[in-house]
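# Geometric and topological summary
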Amino acid sequence: MKAHPEASDYRQELAKTLLNLSALRIQQKQPETAEPLSAEAIALLTGLVERFPGEPARRVERARGRSNAAGNAQLAGAPSKAMELDRKALEALAEARRHEDSTDISYLMATTGTHLGDLLDERDGISAALPTYEKALGELRKLARATAARPEFVRRLVEELNEIGFRLARADSLEMARAFWLESLEVIRSKKETDPSDN
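In short, a report on the structure.

Rules and cut-offs
Residues numbered from 1 in each chain as written. Predicted model: local features only at pLDDT ≥ 70, side-chain atom pairs only at ≥ 80, totals over all residues. Heavy atoms only, no water. Helix = DSSP H or I, 4+ residues; strand = E, 2+ residues; numbered from the N terminus. Buried < 20%, exposed > 50% of the residue type's maximum accessible area, 1.4 Å probe, protein only. Contact = heavy atoms within 4.5 Å. Areas by Shrake-Rupley, 256 points an atom, 1.4 Å probe, with all protein chains shown as cover. Salt bridge = Lys/Arg side-chain N within 4 Å of Asp/Glu carboxyl O. Core = buried A, V, L, I, M, F, W, Y, C linked by side-chain atoms within 4.5 Å. Axes fitted to C-alpha atoms, helices over the stretch in contact; angles between N-to-C directions. Parallel < 35°, antiparallel > 145°, perpendicular 65-115°, else oblique. Left-handed = near helix turned anticlockwise from the far one by under 90°. Expected span 1.5 Å × (residues − 1). Nonpolar A, V, L, I, M, F, W, Y, C, P; charged D, E, K, R; others polar.

Counting secondary structure elements, the protein contains 8 helices and 0 strands. Element order for the protein, N to C, with α for helix and β for strand: α-α-α-α-α-α-α-α. Overall size of the protein, expressed as C-alpha extent along the three principal axes, is 55 × 35 × 30 Å. Counting across all 199 residues of the protein, residues that qualify as buried make up 42%. Considering only intrachain contacts with a sequence separation of at least 6, the fraction spanning at least 24 residues in the protein is 55%. For the protein, the computed accessible surface area is about 11100 Å², with 53% contributed by carbon and sulfur atoms.

Our next topic: the side chain of E183. For E183, the position within the fold is in helix α8 (residues 174-194). Here E183 falls in the buried class, since its relative accessible area comes to 17%. Here E183 is in contact with R141, R145 and L161, once residues within four sequence places are set aside.

Quick look at the pattern of salt bridges now. Inspection of every chain in the model, using the stated rule, returns 20 salt bridges. A salt bridge links R167 to D118; its shortest N-O distance comes to 3.5 Å. Here the residue R167 occupies a position in helix α7 (residues 151-170), and D118 occupies one in helix α5 (residues 103-124), the gap between them amounting to 49 residues. The burial state of R167 is the same as that of D118; both residues are buried. With its nearest N and O atoms 3.8 Å apart, the salt bridge here joins E122 to R167.

With that settled, the discussion passes to the nonpolar core. In this structure, L93, L137, L157, I164, L168 and F180 are the most contacted members of the largest nonpolar core, which totals 46 residues. Looking at this core, the elements that each hand over two or more residues are α1 (8-27), α2 (31-51), α3 (56-75), α4 (79-99), α5, α6 (126-145), α7 and α8. Not counting residues within four places of it along the chain, the set of residues in contact with L157 comprises L137, L140, R141, A144 and V187.

One can describe the packing of α1 onto α2 by two numbers: an axis separation of 8 Å at closest approach and a directional angle of 160 degrees. In terms of orientation, α1 and α2 fall into the roughly antiparallel class. Read as a crossing pair, α1 and α2 show a hand that is left-handed. In this structure, α1 uses S8, R11, Q12, L14, A15, L18, L19, L21, S22, R25 and I26 to contact α2, whose residues at the interface are P31, T33, A34, L37, S38, E40, A41, L44, L45, L48 and R51.

Right, let's talk about α2 for a bit. Between its terminal C-alpha atoms α2 stretches 31 Å, which fits the 30 Å expected from 21 residues at 1.5 Å a residue. Of the residues making up α2, those classed as buried are A34, L37, S38, A41, I42, L44, L45, T46, L48 and V49. Looking at the packing, one finds that the buried side of α2 touches α1 and α3.

The N-to-C vectors of α1 and α3 enclose an angle of 10 degrees; their axes lie 9 Å apart at closest approach. Judged on the interaxial angle alone, α3 and α1 are roughly parallel. For the crossing formed where α1 meets α3, the hand is left-handed. Each of S8, Q12, K16, L19, S22, A23, I26 and Q27 in α1 lies in contact with α3, whose residues at this interface are R58, E61, G65, N68, A69, N72 and L75. For the contact of α1 with α3, the class distribution of residues is 5 nonpolar, 7 polar and 3 charged.

Take unusual backbone geometry next. For K29, which is not a glycine, the phi torsion comes out positive at approximately 60 degrees. With respect to the helices and strands, the residue K29 is situated in the loop between α1 and α2. Backbone geometry at D172 places phi at a positive 65 degrees, although glycine is not the residue there. Note on D172: relative accessible area 65%, which makes it exposed.

To continue, consider the environment of A41. Within the secondary structure, A41 is located in helix α2. With 24 residues separating them along the chain, A41 and G65 place their C-alpha atoms 7.3 Å apart.

Structure, rendered in structure tokens:
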């Protein structure tokens, strides 16, 4: 039996496909055709949030869609649009978290937040980006310190600490850069001591 095009799963998969096609159009140097695909995907996901207001997972999926669309907008040369999408994604995730907290929400808040921080740094400088980076790092720290932390969470925390440290050094904030790099070193050493796969 075929799923009806109005079925929620169908619409969610359609939104994901549209976002993938948007990314492909950007890779093909066709940014003017990418944005309408992202907009259609977000509209579909927004419709699902409105149709199922009691399901926080719908808000998370819309936030994920906005976060993906933000990356597409940045690649298409529209950083202001990318920042707007990242901010809306973070608002939706904060709303979803009021109903249910999850690893997925924390990780998506971290990745979206670091992307927004990068955009802010490029436009306004590292000082403007630091509060956003700190919130994102807070999410990654929480994930990396969990007893059963997944290796990708620890790796992402180390990568972001190093990248933000580099951005700080580039802006001549050397003491702050050093603090980020020392934290990165501490995370690596603490995980190496507890990782049985290295023994």
